[in-house]
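Report on the structure
Residues per chain, in single letters:
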Amino acid sequence: MKKIKLFALLTLIFNLFNIYSQNYSSTLFNIPIDPINISQLNLYNLEQGSYSHFYILYPEYYYYYPANSSNQYLNIYFNSSIPLNFYIMDQQNYQNFKSSGNFTSIYQNYTNYINQSINLSSGNYYIIIYNNNTQNASYFFIYSLTNQSEKNIYSPIGISDYGIYINNGSIYGYNVKTNKVIGEIYLDNFSSYVNPLCSNSFLGEDSGSIQLNAILELSNGQHYWLQNVLLINNTGRYFIFVNNIWNFTSLNSNLSNNLIKGNGIISKHDDKYFYVYATDHFSLQYPLNVYLIINITQNNSYPEIQFGYSLDGQNINWYDNVTLLIPSNGSIVISPNFTGSRNIKNLELVIGGPGNGACIDIKNISGFLGLYYSYKNNGSYYLTPSPSIFNYGFNTAEYSSNINEDIISQGFVNLSVGPFYPKYLGNVNITNYNISVYYSYNNSYINHQYPFGIIFNVNIPIYIYQNNTLYVLNNLTINGVNYSINYSQQYVNISLLVDNNYNISTNYIEYYLVIINNSIGINFTISGNYLNETHYNNTYYLYAKDLLNIYLNQIYNFGNYRYYCPNNITLNINTSKVVEISDYCYLQYQLNIFSPFNYTINNNTYYGNTSFYINANNNVTILINTTNYINNYERFYCNKNNITINVSSPININLSSYCIYQYLVNINTPFLVNISINNSINTYGNTSIFLNKGTVINILPAKYIESGFFYDTIYYEDGYNFIVNQPLNITVQFNKKVQYNYLNIGLLIGVIVGIIIFILY
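This section reports on the structure supplied with the text. (Residues numbered from 1 in each chain as written. Predicted model: local features only at pLDDT ≥ 70, side-chain atom pairs only at ≥ 80, totals over all residues. Heavy atoms only, no water.)

Moving on: the overall build of the protein. The helix and strand inventory of the protein stands at two helices and 68 strands. Compactness check: the protein gives a C-alpha radius of gyration of 51 Å against a globular reference of 27 Å for 761 residues, more than 25% above the reference. Along the longest, intermediate and shortest principal axes, the C-alpha atoms of the protein span 195 × 70 × 60 Å. Counting all 761 residues of the protein, 50% fall into the buried class. Partitioning the contacts of the protein with sequence separation of at least 6, the portion at a separation of at least 24 is 67%. Accessible area of the protein: about 35700 Å², with a carbon and sulfur share of 45%. The protein carries 25 positive and 33 negative side-chain charges, and their two centres are separated by 8 Å. (Helix = DSSP H or I, 4+ residues; strand = E, 2+ residues; numbered from the N terminus. Rg over C-alpha atoms; globule rule 2.2 N^0.38 Å. Buried < 20%, exposed > 50% of the residue type's maximum accessible area, 1.4 Å probe, protein only. Contact = heavy atoms within 4.5 Å. Areas by Shrake-Rupley, 256 points an atom, 1.4 Å probe, with all protein chains shown as cover. Lys, Arg positive; Asp, Glu negative; His and termini not counted. Charge placed at Lys NZ, Arg CZ, Asp CG, Glu CD.)

This part takes up the packing of aromatic side chains. Working definition: an aromatic ring pair is given by the centre-to-centre distance plus the angle between the planes. For the structure shown, the criterion picks out 65 aromatic pairs. Ring centres of Tyr 64 and Tyr 94 lie 5.3 Å apart, and the angle between their planes is 40 degrees; this geometry places the pair in the tilted category. Here Tyr 64 is found in strand β6 (residues 62–69), whereas its partner Tyr 94 is found in helix α1 (residues 91–98), with 30 residues between them in sequence. Each ring, one from Tyr 441 and one from Tyr 508, has its centre 5.6 Å from the other, and the planes form 80 degrees; the classification is edge-to-face. Of the two residues, Tyr 441 is situated in the loop between β36 (432–439) and β37 (444–451) and Tyr 508 in strand β43 (residues 502–517); the sequence distance between them amounts to 67 residues. Under the relative-accessibility criterion, Tyr 441 is labelled buried at 13%. An aromatic cluster of three or more residues is present, and its members are Tyr 55, Tyr 63, Tyr 65, Phe 78, Phe 86, Tyr 107, Tyr 139, Phe 141 and Tyr 143. Over the ring of Phe 338 we find Arg 342, and its NZ or CZ is 4.4 Å from the ring centre. One Lys or Arg, Lys 737, reaches over the ring of Tyr 716 and ends 5.7 Å from the middle of that ring. (Phe/Tyr/Trp six-rings, centres within 6.5 Å; stacked < 30°, edge-to-face > 60°. Lys NZ or Arg CZ within 6 Å of the ring centre and 35° of its normal.)

Below, the discussion takes up the sheet that holds strand β64 (residues 702–706). As summarised here, the arrangement of the three strands in space is β64-β65-β68, forming an open sheet in which the pairing is antiparallel. The strands lining the two open edges of the sheet, one partner per strand, are β64 and β68 (735–740). When the angles between neighbouring strand axes are averaged without regard to direction, this sheet yields 25 degrees. The pairing of β64 with strand β65 (residues 711–717) spans five bridges and is antiparallel. Across the sheet, Lys 703 pairs through a bridge with Tyr 716, a residue of β65. (Pairing = 2+ DSSP bridges. Axes fitted to C-alpha atoms, helices over the stretch in contact; angles between N-to-C directions.)

Attention shifts here to α1. Side chains of residues three or four places apart in an α-helix project in the same direction, reflecting 3.6 residues per turn. Within the sequence span of α1, burial applies to Asn 93, Tyr 94 and Phe 97. Along the axis of α1, the buried residues cluster in a sector spanning 105 degrees; they form a single face. On its buried face, α1 sits against β6, β7 (72–90) and β9 (123–130). The first or second residue beyond α1 is Ser 100, which carries a positive phi of 65 degrees. (Arc of directions from axis to C-beta.)

All we've got here are geometric facts, nothing functional implied.
Here is the structure:
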């Protein structure tokens, strides 16, 4: 039979709501609970047929089930009221079996129980279950083909009322019509993971759904499938409510916008149109106590479907009222019959995947489920727990595994982790006793009603994390008697034989969350009364009370920077705190000073290469002399004597970069000369001056004349260029030449010749 997908999720606005634990009450929504007697249901004998995974097989009849394997495992669960012949055959042998010919089988057993995985090579096979007894047989049968041996049985696990009652091997049917159905959900804890082998979506999520599913039958013969769903998402720490309506009138029936009116929309899945609506998010915490309600009323001549929930067992929030615009009357039906779409008319409260046909493996679960419907008796309306229940549903495609169920009262099952096997849970009438659990951390009571004679199991958390507070169980009493606590465990596991009322009382001590942000990445130690230290990315989380000490080592050196933490941290913990380690430390950067001469910082004189650590973003003032001699011939000339540096990162500074390197230049000249130094011309004689490294010295051409009667002596030089890159001794060399005065010589000769002539004559 083709299964129906659960629901399509809508994009919702996120809201947070407080969730309160619900006390179990003998009344729900102010309607008295009156368990119905099975004899009131007008029982009738069921004929041979299939009722979901439950089958009735008359003597000398058989059922067959096709299995088309691609070298896969056939996973079988079979449980029968009497031993039956169980065969697996290939196609040819199945034809021989049908024609009463000779046949062989791949697998054959005469048994009333099989739970096995059988490897089948590729091919078409048939599973045959044959009753060769003289009495009727009833059996459960589930099978699947998977690529690996499957140990878990997947099914919508929970409570289902099929309108079937079994007593001493006799199988009866009954029919119920009602206007209201209620599913009660109580979870102490719930965690799961979506199995990728049977799911294409929601992978990696810890989530699941609990679905209240019912069949609406209209007076015109149409059928609609109603779903009121609690969707739990532990990954996101929220839950929401979702409803769906599907048309089950026939295999090809759909929904259209013009025939339905509500808060939701018409959506499409696998070529099927359906109605869907979802609420906003609720904040998730355990224990979780929720009631799902579906109520059928009339809106003029149209049937109206009310979807609601309750978080306290008294007040209902009708979150979506949906009108089918089809003139008719409607009621919810429970009957061992099928709709035109071949879906059984059952009422179910079942656990499955979060949607789209996903299945989940249950990791942890405890709590209970209860299933009610409304009925009228002697003019008054009552709620009755479902009188005859199975532990699995059928119409939904969201499955779960690893949930064990035990019936604890009429219409109620207890949930725990364990292997699942589909079975009839039956009908009971049991006296209930009250078990009250008081939690001091939120001053709340959780009351349970359990029947006489069962073992009540409850896990009392020793450590409860809530609202940045860790509550540690300090004392636990049962009816006033102390119960031992093993603090190496997460829970105190209590098992009680329910033969009277119990009062369980807990007392918790509060530890507050302290977050230590160590963004600067230094080592520290802590002491005090604290628990559960964890850290991630230099953020430390712990729970503490009273005094907490954080010890620092004063100096944490990281090379060119460090943290200086002068004081330890002492905290009085009476609320949650966030501690920033950096608030108690100074970031200091390394200042490296390289200097060939003395300098002064804060009235202290230093020489050479020295390193300092300076608080980040502080200023440092360095004092230096104007003239700093290296030797008699070299010096630094510093025209900036006061250097201020803002230390916002590690810094290397060379003080010589603030000065001019100078060399001594000695000028020796016999005459005054004009010299251009850096394009400035001055007259120099013998002198000694310090000039900047790289200075260009131009000695300009010069000439001096010493005049005589017969000749003049001329001293001259043509000019020189020097670059100052070391101490210099410059001697200006003058050339000498003689220039004769021929006029004077001629005059002299003439005078001499005149004198001689004068003497001779």
